[in-house]
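Results of the structural survey
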Amino acid sequence: MKRIICFLIAAQMLLLAACGSGDETGKETTAGNAGDETTSSTESTEKTRFDELGAKDFGGRDIVIMEATDYPSDTMNFYDSEKNGDTINDAIYARDAKIGDMYKANIKYLVSTSSPDGIQQVLNGYLAGDKVCDIVYGVAASDDALRNLAVQGMLANLNDISYLSFDKPWWSNFAHDNLTLGGKTYFATGDIMPHAYTAPIVMTGNLALLEKYAPDEDIYELVTSGNWTIDKLVEFAQFNEDLDGDGKLHTGHDFFGYVGDSTGGGLVAAAFVTSAGVDLCENNGDSLTVSLDNEKTVDVVTKLSKLMPNEKMDDRREYISTFTDGRAIFIQAYMGDIATYMRDMNDDYLILPMPKYDTEQEHYRSMMNAWGTCFMGIMSNTDVDDVGFIAEALAYESYNSVRPEVYDKLLKLKLARDDRSTNMIDTIFDGLTIDFNALCDFGGTLSVLANSIYKGQPLASNMAKKQAAADEAIAKFVEGWTQN
């Protein structure tokens, strides 16, 4: 299943049997009867979340989930039209069928060919008084994404739904806490959407090149001892080499000690700054503040700028093949990149958390990519409590049966090349974080970070120029988020 290789989430899911039709734009698939093919790990003498939820009969009602994504064939939030032998696909199929059987409900999917199209379809239906779906899966970061539905009052406040247990491990606690404002949370992530496992922004290292260029350096030991820092990564940038002598570094044919996706602009810059312990915005529970021209952020940006010492780069988008071809020691990547591009790589590679600011920083922090199809919202024009009940059941069952297929088998057994990379994956997910500015880029402040890191532009003065725009954007956003 192609979507296994795209964006891995730190969540958990299990669905027991399902069936459907079609695979084109707006395709619809429906979970069928699971029969007695699978025995869930939740079936034990211990009290389960299902016991706590109690019995419920939806009378054969459809629960429609819109998958609003740019790459439907690459996500793993829904199954193909039937079981196909792929373990993740079949686990989701089984999960949906099991929940459908338990509560007499039909889990169905509408799949868009682009995130904007899917969100627009939901929005148009809402404005016309039609319910397109009950649950919407999508990205959170762009203007035509879940955050737009939220500020227009089209998503239900998840905190008002008593069935949703955001303190439980099948939901992302850090995302819920960080994306709650004024007591309101409109979208969440967790095991209900396995694609979220592809969301972390990480570092990977070529083990063969490390043994050649730094034979005495144990990178795993650096991480476990707390010494994996920006300064340490900068040391490897000294190995950048202009092989053809044309005065430029080309990802297509030159060599790099470190290469990353500077075309990712604010997203990648934000990931590095976040990993160094800087919060992109402050959330006091009722209001947001962006203040990135402080001494700590300036120092972080100054360090990071040494990773790209005035590079003249015309072809940065080829940076992943630079790594897979064995011409880069380290690369910044997304967890989904590892699944998509690196599984067949000849050289062994390491999977690492993003580097810390310094050795005094207590924890590693890896930012979650808000552009991944990793977030779910419940439409406010549906039976909110009933849909919340099904969402909780899907998330819990995912935790028991889908999570093992994605997190334990795909990430840890298939993507990690050795036991120590397996441990690094736990470190990455233990340190995941996200905040509202990672979603909204208030006033273009993330672009300022990128320009400072990649182009050497002054941070403090440029950030000061953006402050009024950031404050205005925050005020508008907070008003929309909290008034609904």
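As shown above, the structure is provided for reference.
Being a predicted model, the structure only gives us computed values, none of them experimental. (Residues numbered from 1 in each chain as written. Predicted model: local features only at pLDDT ≥ 70, side-chain atom pairs only at ≥ 80, totals over all residues. Heavy atoms only, no water.)

With that settled, the discussion passes to helix 2 (residues 87–103). In a regular helix each residue adds 1.5 Å, so 17 residues correspond to 24 Å; helix 2 covers 24 Å between its end C-alpha atoms and thus fits that length. With respect to burial, helix 2 is a largely interior element, 14 of its 17 residues being buried. With a side-chain oxygen lying 3.1 Å from the backbone nitrogen of Ile88, the N-terminal cap of helix 2 falls on Asp86. Phi for Lys104, located one or two positions after helix 2, is positive at around 55°. (Helix = DSSP H or I, 4+ residues; strand = E, 2+ residues; numbered from the N terminus. Expected span 1.5 Å × (residues − 1). Buried < 20%, exposed > 50% of the residue type's maximum accessible area, 1.4 Å probe, protein only. Polar contact = N/O pair within 3.5 Å; in protein donor to acceptor, adjacent residues only side chain to side chain.)

In space, the four strands of this open sheet follow the order 7-10-6-11, with mixed pairing throughout. Two strands in the sheet have a free side with no partner beyond their single neighbour: strand 7 (256–259) and strand 11 (349–352). Geometrically, the sheet is characterised by an average inter-axis angle of 20° between neighbouring strands, direction not taken into account. Of the strand pairs in this sheet, strand 7 and strand 10 (residues 328–334) are connected by three bridges, and their pairing is parallel. Opposite Tyr258, over in strand 10, you have Phe330 as the bridge partner. Lying on the sheet, helix 9 (residues 266–275) is in contact with strand 6 (201–206), strand 7 and strand 10; it crosses strand 10 at an angle near 105°. Along the sheet, helix 12 (residues 335–342) makes contact with strand 6, strand 10 and strand 11, crossing strand 10 at roughly 115°. (Pairing = 2+ DSSP bridges. Axes fitted to C-alpha atoms, helices over the stretch in contact; angles between N-to-C directions. Contact = heavy atoms within 4.5 Å.)

Right, let's get into the packing of aromatic side chains. Each aromatic ring pair is summarised here by two numbers: the centre-to-centre distance and the angle between the ring planes. Within this structure, the stated rule accounts for 26 aromatic pairs. The interplanar angle of 80° and the centroid separation of 4.7 Å between the aromatic rings of Tyr186 and Trp481 together place this pair among those described as edge-to-face. One end of the pair, Tyr186, is in the loop between helix 5 (173–178) and strand 6; the other, Trp481, is in helix 17 (residues 459–483), and 295 residues separate them in sequence. Like Trp481, Tyr186 is buried. Ring centres 5.2 Å apart and planes at 25° place the aromatic pair Tyr213 and Phe255 in the stacked group. Of the two residues, Tyr213 is situated in helix 6 (residues 207–213) and Phe255 in the loop between helix 8 (230–236) and strand 7; the sequence distance between them amounts to 42 residues. Look at Tyr213 and you get partly exposed, because its relative accessible area is 26%. Through successive ring pairs, a cluster of aromatic residues spans Tyr186, Phe187, Phe375, Phe436, Phe442, Phe477 and Trp481. Its end group placed over the ring of Tyr357, Lys303 keeps NZ or CZ at 4.3 Å from the ring centre. Just above the ring of Tyr407 sits the side chain of Arg403; from NZ or CZ to the centre is 4.4 Å. (Phe/Tyr/Trp six-rings, centres within 6.5 Å; stacked < 30°, edge-to-face > 60°. Lys NZ or Arg CZ within 6 Å of the ring centre and 35° of its normal.)

Walk down a regular strand and you will see the side chains alternate between the two sheet faces. Of the two faces of strand 13 (residues 375–378), both are covered, the one formed by Phe375 and Gly377 as well as the one formed by Met376 and Ile378. In the sheet, strand 5 (residues 135–138) pairs with strand 13 via four bridges, with the strands oriented antiparallel. Considered in strand 13, the bridge of Gly138 is made with Phe375.

The next thing to look at is the packing of helix 13 (residues 384–415) against helix 14 (residues 419–430). With their axes 9 Å apart at the nearest point, helix 13 and helix 14 run at an angle of 125° to one another. Classified by the interaxial angle, the pair formed by helix 13 and helix 14 is oblique. Taken as a pair, helix 13 and helix 14 cross one another with a handedness that is right-handed. Of the residues in helix 14, those touching helix 13 at Tyr407, Leu411 and Lys412 are Thr422, Ile425, Asp426 and Phe429. For the contact of helix 13 with helix 14, the class distribution of residues is four nonpolar, one polar and two charged. (Parallel < 35°, antiparallel > 145°, perpendicular 65-115°, else oblique. Left-handed = near helix turned anticlockwise from the far one by under 90°. Nonpolar A, V, L, I, M, F, W, Y, C, P; charged D, E, K, R; others polar.)

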